[in-house]
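# Per-entry structural report
Spelled out, the chains give:
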There are 2 protein chains.
Amino acid sequence: MTISIKDVARAAGVSPATVSRALGGGPVSAELQAQVEAAVKATGYRPNLSARRLRSRHSQTIGLIVADISNPFFTAVARAVEDSAYKAGLRVILCNTDENPQKEAMYLQLMEEERVTGVIFAPTRASVDKLARATYNFPIVLIDRAGRAGGRDAVVLDNFAAADMLVAHLVAQGYRRITGLFGNASTTGIERHDGYVAAMQQAGLTPAARFIAPTVEAAEAETCHWFKQGTAPEAVIASNGLMLMGVVRAMLAAGKKIPEDMAIAGFDNESWTELAGPGLTVIEQPVADLGRAAMQLLMDRLDAPDAPMRKMVLGGRCVVRGSTRRATGAAA
Amino acid sequence: MTISIKDVARAAGVSPATVSRALGGGPVSAELQAQVEAAVKATGYRPNLSARRLRSRHSQTIGLIVADISNPFFTAVARAVEDSAYKAGLRVILCNTDENPQKEAMYLQLMEEERVTGVIFAPTRASVDKLARATYNFPIVLIDRAGRAGGRDAVVLDNFAAADMLVAHLVAQGYRRITGLFGNASTTGIERHDGYVAAMQQAGLTPAARFIAPTVEAAEAETCHWFKQGTAPEAVIASNGLMLMGVVRAMLAAGKKIPEDMAIAGFDNESWTELAGPGLTVIEQPVADLGRAAMQLLMDRLDAPDAPMRKMVLGGRCVVRGSTRRATGAAA
DNA sequence: CTTTTCATAGAAATCGTTCTCAATATTTTC
DNA sequence: GAAAATATTGAGAACGATTTCTATGAAAAG
């Protein structure tokens, strides 16, 4: 019952090949071009993309594999990737791994079956190493998380520097006992941890870091625990937007004041951070640029498969707000 | 260079048909099944989904067309839809229309070319009517926005009742001059407006509604304007999460106190609403249920194309927080 | 006026599967 | 033990497009 290119050809009085050329920009006389266009309208023809992909051997499709699209960081990146992709005539297949390496492997296999032209991927720590060994039929651009990333294109934040910046700011405000909460699923957490430790030692302070699941709930539980035990530090750094939210929730629930009872700083300048409490001091990641850059790297790689690997490191911006106001007992 | 089913067949010493059956669950002897599986492993074969879709004539793919995935409401719905879909062995193609009817038309055409099995769609007001007339090769389930929706399956919130509930709450708290801000792009905005007007009249109050673009920026500008003119009401209702955020931003920027200078209530219980100011009173939509229900309606429709249309109306829950605390001059 | 060149159109092969149908081997039934 | 029923398997068509290759007609060159 469906209308194929043959039906259009018959209606236009030409061969299927000519219809294909008329639609695809091949060399066709103006006269037949018009006939074909009329026939397409008359029949209501819609090309079958599966057939086109099969025969032409390119899918015009890329994969985007992230931990969780409902994390605003990935939402923003995804939106940028999709806009760039649709502009370039590419479809996007979106996959949520929930930081689960098995799902990652499953989706990578799916990408092979879809014969995607490329993949943009934010891998867990566990997959980063496997990835270095594995070989796929499509280029992969890592995003947000790259580790040492032997030989793979990547776009990441300068995590070490950003964490360092955050600690330096807190120290300058007079805070001494600064705890860090870091995600245990990604290399990003490790890099931020390293930046934190380095900055603390630089300032002659003792680092006190905790690696936890990168979720609101885990961070909230951890913070609640501190308040119950009376072990809360003067200030805390949370290594992503979700964990930052968890800390804020815990403070609200415990009736604590920000920053008087505990100062807060974190990553990801999500719009709510401006509105919560006295405003939260955060590192702003250039999320849209990140997505766009990943697409660009992917396109470049498709153009030049053998070009040397490129790792793009973007700088974060420290947005200072009320949650890290000068500690009361600070030296002037 | 790519490995096809023929290569596997040769490696396993069977016909391509047998390989297809072995992989697809057809009747195959245990012996050959094992041979095929070994051959698949040995060759590293990955089925070509385009070829499979072309031949089998079903795409195992659905479309999800929403205004903007970075709106947390749609993010949550999308996540629920995708989880249900992947569980059912279906891919999801996600499209952002930015409330632009032209993009909507373009993506619907894309869905036809992809030969999707179905579409879940949150249309603009402009498209809702056209949709009633148009006919597609796949079922469409409307989500969030349905209007009168002649003959189309739909899952929506009881917007009228929800707005009514919000106004009633504000009135009970002693607020009288209550302004409503409604989105001008969707039928949802109209329904919430109608509920607002009805509740105001019920209470013997004069409605004062404004229809604006459903964005943070538009709501922020409108609210700023009030403060500059000195025309701010005692309380405001914002008809979605983005507009609610705009109002809060404007109050913060103007140094106004919530709820003393102006009370706030709105839609969408996004996690930040709990953390902003004294906490925001909102209508919580069952977003995950919404997404799941839409998938369910779609699957049911595929099973029974001629069954009568079903419109599922879900109730909202009013979450009361500090932003609507009793007005100081209120009667007891 | 004939020959060469070029642009355009059609015929047929092809992409990698699934599906139909006929053939074979096996089991069941009488 | 023969006939019928059943379960597997393979050969080949088909899905709907693009692409290659060949044929045709017109234009250009001699």
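Residues numbered from 1 in each chain as written. Chains lettered and ligands numbered in written order. Predicted model: local features only at pLDDT ≥ 70, side-chain atom pairs only at ≥ 80, totals over all residues. Heavy atoms only, no water.

Both copies of the chain are related through a single rotation about an axis accompanied by a shift along the same axis. Overlaying chain A with chain B gives an RMSD of 0.1 Å, the required rotation being 180° about an axis along which the chain moves by 0.0 Å. Accordingly, the operation relating the two chain copies is best matched by a two-fold axis. (Least-squares fit on C-alpha atoms with pLDDT ≥ 70 in both.)

Residue and element names in this part refer to chain B. Its place among the elements puts V155 in strand β5 (residues 153–157). C-alpha of V155 to C-alpha of R292: the two residues are 137 residues apart in sequence and 9.8 Å apart in space. Once you skip the residues sitting within four places of it in the chain, V155 turns out to touch V141, L142, I143, D144, L290, A293, A294, L297, M312 and L314. (Helix = DSSP H or I, 4+ residues; strand = E, 2+ residues; numbered from the N terminus. Contact = heavy atoms within 4.5 Å.)

All names here are of chain A. Strand order in the open sheet formed by six strands is β2-β1-β3-β4-β5-β11, and the pairing between neighbours is parallel. With one partner strand each, in any of the chains shown, β2 (91–96) and β11 (311–314) form the two edges of the open sheet. Strand-to-strand, the axes of this sheet are offset by a mean angle of 15°, without reference to chain direction. Where strand β1 (residues 61–66) meets strand β3 (residues 118–121), four bridges bridge the pair, whose relative direction is parallel. Residue pairing for β3: L64 is matched across the bridge by I120. (Pairing = 2+ DSSP bridges. Axes fitted to C-alpha atoms, helices over the stretch in contact; angles between N-to-C directions.)

With that settled, the discussion passes to the packing of aromatic side chains. Residues and elements named next belong to chain A. In total, this model carries 10 aromatic pairs over all chains according to the counting rule given. Arranged with centres 5.1 Å apart and planes meeting at 70°, the rings of F73 and F74 form a pair that is edge-to-face. Measuring from centroid to centroid gives 5.5 Å for Y136 and F138, while their planes differ by 20°, and the two rings are stacked. Taken together, the ring pairs in this structure connect F182, Y196 and F211 into an aromatic cluster. It is R192 that lies over the ring of F267; its NZ or CZ is 4.0 Å from the centre. (Phe/Tyr/Trp six-rings, centres within 6.5 Å; stacked < 30°, edge-to-face > 60°. Lys NZ or Arg CZ within 6 Å of the ring centre and 35° of its normal.)

The local shell around DNA strand C holds 25 residues, among which S29, R55 and R57 of chain A together with I5 and S20 of chain B are the closest. By atom count, sugar and phosphate contribute 67% of the portion of DNA strand C lying within 4 Å of the protein. Between DNA strand C and S29 of chain A, the relevant distance is 2.7 Å, taken from a phosphate oxygen to a side-chain nitrogen or oxygen of the residue. Within the side chain of R55 of chain A, a nitrogen or oxygen atom sits 2.6 Å from a base oxygen of DNA strand C. When contributions to the surface near DNA strand C are tallied by element, the ones reaching two or more residues are α2 (16–24) and α4 (49–56) of chain A together with α2 (16–24) and α4 (49–56) of chain B. Class assignment of the residues belonging to the surface near DNA strand C gives a composition of 11 nonpolar, seven polar and seven charged. (Near = heavy atom within 4 Å. Polar contact = N/O pair within 3.5 Å; in protein donor to acceptor, adjacent residues only side chain to side chain. Nonpolar A, V, L, I, M, F, W, Y, C, P; charged D, E, K, R; others polar.)

What follows is about a positive patch on the surface. Taken together, K257 and R325 of chain A together with K257 and R325 of chain B make up a surface patch of like positive charges. For R325 of chain B, the location among the structural elements is in the segment after β12 (317–319). You can call R325 of chain B partly exposed: its relative accessible area is 44%. (Patch = residues over 30% accessible without salt bridge, like charges linked within 9 Å, V, L, I, M, F, W, Y side chains within 5 Å. Areas by Shrake-Rupley, 256 points an atom, 1.4 Å probe, with all protein chains shown as cover. Salt bridge = Lys/Arg side-chain N within 4 Å of Asp/Glu carboxyl O. Lys, Arg positive; Asp, Glu negative; His and termini not counted. Charge placed at Lys NZ, Arg CZ, Asp CG, Glu CD. Buried < 20%, exposed > 50% of the residue type's maximum accessible area, 1.4 Å probe, protein only.)

With that settled, the discussion passes to the interface of chain A and chain B. Listed per partner, the contact involves 41 residues of chain A and 41 residues of chain B. Counting each side, the surface lost to burial between chain A and chain B is near 4,000 Å², with a carbon and sulfur contribution of 53%. In terms of surface lost to chain B, no three residues of chain A exceed R46, R79 and L275 of chain A, which account for 18% of the buried area on that side. Remark: the boundary between chain A and chain B carries 12 salt bridges. Between R91 of chain B and E114 of chain A there is a salt bridge, with its nearest N and O atoms 3.6 Å apart. Between chain A and chain B we count 16 residue pairs in polar contact (both at pLDDT 80 or more) in total. Secondary structure elements with two or more residues in the side of chain A that touches chain B: α4, α5 (72–87), β2, α6 (101–114) and α11 (241–253) of chain A. Among the elements that make up the side of chain A that touches chain B, the one with the highest residue count is α6 of chain A (six residues). Its residues placed into classes, the side of chain A that touches chain B shows 18 nonpolar, nine polar and 14 charged. (Buried area = accessible area lost by both parts, 1.4 Å probe.)

This next bit is on the domain arrangement of chain A. All names here are of chain A. Once the domains are mapped, chain A shows domain 1 (5–55), domain 2 (61–157 + 286–315) and domain 3 (159–285 + 318–324). The straight-line distance from the C-alpha centre of domain 2 to that of domain 3 is 28 Å. Between domain 2 and domain 3, the residue contacts involve 14 residues of the former and 18 residues of the latter. Approximately 1,300 Å² of surface area, both sides summed, lies buried where domain 2 meets domain 3, with 54% of it carried by carbon and sulfur atoms. One can count zero salt bridges joining domain 2 with domain 3. Taken together, the links from domain 2 to domain 3 amount to five residue pairs in polar contact (both at pLDDT 80 or more). Secondary structure elements with two or more residues in the side of domain 2 that touches domain 3: α5 and α7 (125–133). Grouping the constituent residues of the side of domain 2 that touches domain 3 by class yields seven nonpolar, three polar and four charged. (Domains from an automatic or database assignment.)

Let us now look at the protein's contact with DNA strand D. Near DNA strand D lie 26 residues; those nearest to it are I5 and S20 of chain A together with T18, S29 and R57 of chain B. Close to the protein, within 4 Å, the atoms of DNA strand D belong to sugar or phosphate groups at a rate of 66%. Within the contact set of DNA strand D, a phosphate oxygen lies 2.4 Å away from a side-chain nitrogen or oxygen of S20 of chain A. At the level of secondary structure, the elements contributing two or more residues to the surface near DNA strand D comprise α2 and α4 of chain A together with α2 and α4 of chain B. A per-element tally of the surface near DNA strand D places α4 of chain A first, with four residues. For the surface near DNA strand D, the class distribution of residues is 12 nonpolar, seven polar and seven charged.

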